Each structure stands twice: as structure tokens, then as C-alpha cells.
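As a plain string of letters, each chain reads:
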Amino acid sequence: MPLVPASDAPTIPLRLVGADGLADWLAGQEAPVRGWAEAMGFTAGIGEVLALPGANGAVASVLAGWGTAARRRRDRFPLAAAAA
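Here we summarise the structure given alongside this text. Keep in mind that what you see is a predicted model, and the values were worked out from it rather than measured.

As for the overall build of the protein
Counting its secondary structure elements, the protein contains 4 helices and 3 strands. Ordered by position from N to C terminus, the α and β elements of the protein give β-α-α-β-β-α-α. Taken over the C-alpha atoms alone, the protein extends approximately 40 × 40 × 20 Å along its principal axes. A burial count over the protein gives 21% of its 84 residues as buried. Of the roughly 5,800 Å² that the protein leaves accessible, carbon and sulfur atoms contribute 59%. Looking at charge distribution, the protein has the averaged site of its 7 positive side-chain charges lying 10 Å from that of its 7 negative ones.

Structure follows, in C-alpha cells:
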């Protein structure tokens with residue numbers, strides 16, 4: 001059974017961002033997103049989570065830190081850290 005929400009269910013996009021690709025990801029974002037991530041000190045470390053506000057102030061999307069490739073090799077369940 002696929003894990004797909006009902007078509008009418010509200011959803012918030014979750015984006016995994018690696019620490020080694022954060023600068024490139026931020027470079028492709030609009031100024032408010034870049035500014036918010038930088039102001040909040042988001043470094044995309046494993047387990048780090050950042051809610052990004054939309055134009056109306058509600059949560060538009062969420063970033064989950066994916067760390068570096070070297071750190072992911074050392075941790076057993078790096079993505080599960082974001083749930084905490």
C-alpha cells in the first residue's frame with residue numbers, strides 16, 4: 001500500500017538538504033528563504049530541522065538536515081534524527 005496522503009489532505013513539503021550541498025541549495029532560493037535559513041543558523045546537520053515561512057506567515061515547507069556523506073556513514077539512522 002503506497003504512503004500517499006488523500007488528495008484533499010493539507011501537506012507541507014519536506015526537503016532533505018545535505019551540509020555539503022547547502023550553499024548550492026541556498027543559492028537557488030529566493031532572498032527571503034536564504035535570509036531566514038541564515039538568520040536561524042541552519043547548517044543542514046543531521047537531525048537539524050527548519051520550518052520555512054510562506055508569504056502569509058504559515059509554514060510553507062520544512063528543511064531537514066542530511067549532514068555530510070562522511071557523517072551519514074557513521075550514523076545508523078541519520079534521517080530518523082529529524083523526527084526527534
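A look at the sheet that holds strand E2 (residues 49-53)
If you walk across this open sheet you meet the 3 strands as E1-E3-E2, and the pairing is mixed. The sheet terminates laterally at strand E1 (14-18) and E2, the two strands that pair on one side only. On average, each strand axis in the sheet is tilted by 30 degrees relative to the strand beside it, whichever way the strands run. In this sheet, strand E3 (residues 59-67) lies alongside E2 in antiparallel orientation, the contact comprising 5 bridges. Counted as the bridge partner of valine 49 is alanine 64 from E3.

Some points on the environment of isoleucine 46
Tracing the sequence through the fold places isoleucine 46 in the loop between helix H2 (31-39) and E2. Measuring from C-alpha to C-alpha, the distance between isoleucine 46 and alanine 70 comes to 11 Å, with 24 residues separating the pair along the chain. In this structure, isoleucine 46 is in contact with Gly65, Trp66, Gly67, Arg71, Arg72, Asp75, Pro78 and Ala81, ignoring residues within four places of it in sequence.

A closer look at unusual backbone geometry
Positive phi values are uncommon outside glycine, yet alanine 44 reaches one of about 65 degrees. By secondary structure assignment, the location of alanine 44 is in the loop between H2 and E2. You can call alanine 44 buried: its relative accessible area is 0%.

Some remarks on the side chain of serine 61
In this structure, serine 61 sits in strand E3. Of note is the side chain of serine 61, whose polar atom sits 3.2 Å from the side chain of arginine 15. Once you skip the residues sitting within four places of it in the chain, serine 61 turns out to touch Ile12, Pro13, Arg15, Leu50, Ala51 and Leu52.

About the thresholds
Residues numbered from 1 in each chain as written. Predicted model: local features only at pLDDT ≥ 70, side-chain atom pairs only at ≥ 80, totals over all residues. Heavy atoms only, no water. Helix = DSSP H or I, 4+ residues; strand = E, 2+ residues; numbered from the N terminus. Buried < 20%, exposed > 50% of the residue type's maximum accessible area, 1.4 Å probe, protein only. Areas by Shrake-Rupley, 256 points an atom, 1.4 Å probe, with all protein chains shown as cover. Lys, Arg positive; Asp, Glu negative; His and termini not counted. Charge placed at Lys NZ, Arg CZ, Asp CG, Glu CD. Pairing = 2+ DSSP bridges. Axes fitted to C-alpha atoms, helices over the stretch in contact; angles between N-to-C directions. Contact = heavy atoms within 4.5 Å. Polar contact = N/O pair within 3.5 Å; in protein donor to acceptor, adjacent residues only side chain to side chain.

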